[in-house]
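Observations on chain architecture
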Amino acid sequence: MKKLFVLVLAIMMVAVPVFAGGSSESASGEKTINLVLSEVHAEGYPTTLADYEFARLVNEKSGGRINIQVYSGGTLYGEETGSIEALQIGDLAFARVSASPVASYVPALNVIQLPYLYRDADHMWAVLNGEIGQQMLADIETSGSGLVGLAYYDAGARSFYTSTPVRSLEDMAGLRIRMQNNAMMVEMVGLLGANGVTGIGPNDVYSAIQQGTIDGAENNWPTYESMGDYEAAPYYTLDAHTRVPEILLASKAVMDTLSEEDQQLIKECAKETQEYEIEQWNLREQHSEEVVTAAGVEVIELSADELAKFQEKMAPLYATYGAGYEDIIASIQNDY
Ligand code: BDP
């Protein structure tokens, strides 16, 4: 009888996974809180490593009371919008996502990912860890989005990769480029003469290029390498159009079920993992560049004049998505 009960329980656990988490009681009567984190990247990718570090820290600092289980590789949600919506309704506790799709729910976030906004990574980090970035992160929670912004991570700079070489702005004409689910990003590629295609999760870009549904996509060195996309689109044009940070998000609905102390503990642990992710990021970025170039990818550097043509096309985005944030944009450009 006992065996049968264990079997039924095991089947139920496989058939009905609790993604948001839940709580269980240990033999000593102490409550264990089980929470789930969704990640689109594979094991070993910098953000995935940071997710595990976050889970480890939370477990350690809560004396083993809070357990976070990481689902990597997009196994839970292949598209980040899916995980964001699950957070909103409390079906999922955490998701590590790009800030780009989050801006569809918290539009102000577009301001910190406008094309050609930052000079380099140091400039971006000064802004993100300064008053402007920290205020934006805090605003996610008060925006009514149902999301809580826990921490920013690095994701380098994004550039275009294509199945035919892009050596000039003219070469972008008519290309079908997979973009993240963010209206500003789709408009951006349109301003460059190409057609943005959305609805393709990052793990499906490779096959979409191979099947000819799209002519290319855009991303940083590590994603280009890790997803294998360089094999399908072997031309990488280093226009570095955006620096879009990653964000570790929590569900407001799930956070509200926790004590104030546990919420604080989670927020502190998340912040603590930022430095670790940046270290892992820098290592992986270099490694990915080596792998991709060794595989024979043609890395195309644009001349300053050509790059200026890309940049000039972005003015309408600053006007539309920067409206109401002129002071913040000027401050990012001049004070940091
Ligand atoms: C990668 C981000 C990942 C995004 C992906 C994308 O790390 O969060 O989902 O880009 O383009 O750089 O969708």
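Remember, it's a predicted structure, so these values are computed and weren't measured experimentally.

Overview of the pairing of strand β10 (residues 235-242)
Both strand β6 (residues 158-162) and β10 contribute to a ladder of four bridges, which runs antiparallel. The residue bridging T162 from the neighbouring strand is Y235, located in β10. Of the pairings in the sheet, the one linking β10 to strand β12 (residues 298-300) comprises three bridges and is parallel in character. The residue bridging T237 from the neighbouring strand is I300, located in β12.

A few points about the packing of helix α2 (residues 46-61) against helix α12 (residues 260-272)
Closest axis-to-axis distance for the α2/α12 pair is 9 Å, and the angle between their directions is 140 degrees. Judged by the inter-axis angle, α2 sits oblique to α12. The handedness of the crossing between α2 and α12 is right-handed. In this structure, α2 uses F54, L57, V58 and K61 to contact α12, whose residues at the interface are L265, I266, C269, A270 and E272.

Points about the domain arrangement of the protein chain
Each domain of the protein chain was delimited in the assignment, giving domain 1 (18-154 + 244-286) and domain 2 (158-243 + 288-334). Centre-to-centre, using C-alpha coordinates, domain 1 lies 25 Å away from domain 2. Between domain 1 and domain 2, the contact holds 37 residues from the first and 40 residues from the second. Taken together, the two surfaces of domain 1 and domain 2 that pack against each other cover about 3200 Å², and 57% of this comes from carbon and sulfur. A per-residue breakdown of the area domain 1 buries against domain 2 is headed by L114, P115 and Y116, which together make up 23% of the total. Here domain 1 is connected to domain 2 by one salt bridge. The residue E225 makes a salt bridge to R284 at a minimum N-O spacing of 3.0 Å. Linking domain 1 to domain 2 there are 20 residue pairs in polar contact (both at pLDDT 80 or more).

Parameters at a glance
- Residues numbered from 1 in each chain as written.
- Predicted model: local features only at pLDDT ≥ 70, side-chain atom pairs only at ≥ 80, totals over all residues.
- Heavy atoms only, no water.
- Pairing = 2+ DSSP bridges.
- Helix = DSSP H or I, 4+ residues; strand = E, 2+ residues; numbered from the N terminus.
- Axes fitted to C-alpha atoms, helices over the stretch in contact; angles between N-to-C directions.
- Parallel < 35°, antiparallel > 145°, perpendicular 65-115°, else oblique.
- Left-handed = near helix turned anticlockwise from the far one by under 90°.
- Contact = heavy atoms within 4.5 Å.
- Domains from an automatic or database assignment.
- Buried area = accessible area lost by both parts, 1.4 Å probe.
- Salt bridge = Lys/Arg side-chain N within 4 Å of Asp/Glu carboxyl O.
- Polar contact = N/O pair within 3.5 Å; in protein donor to acceptor, adjacent residues only side chain to side chain.

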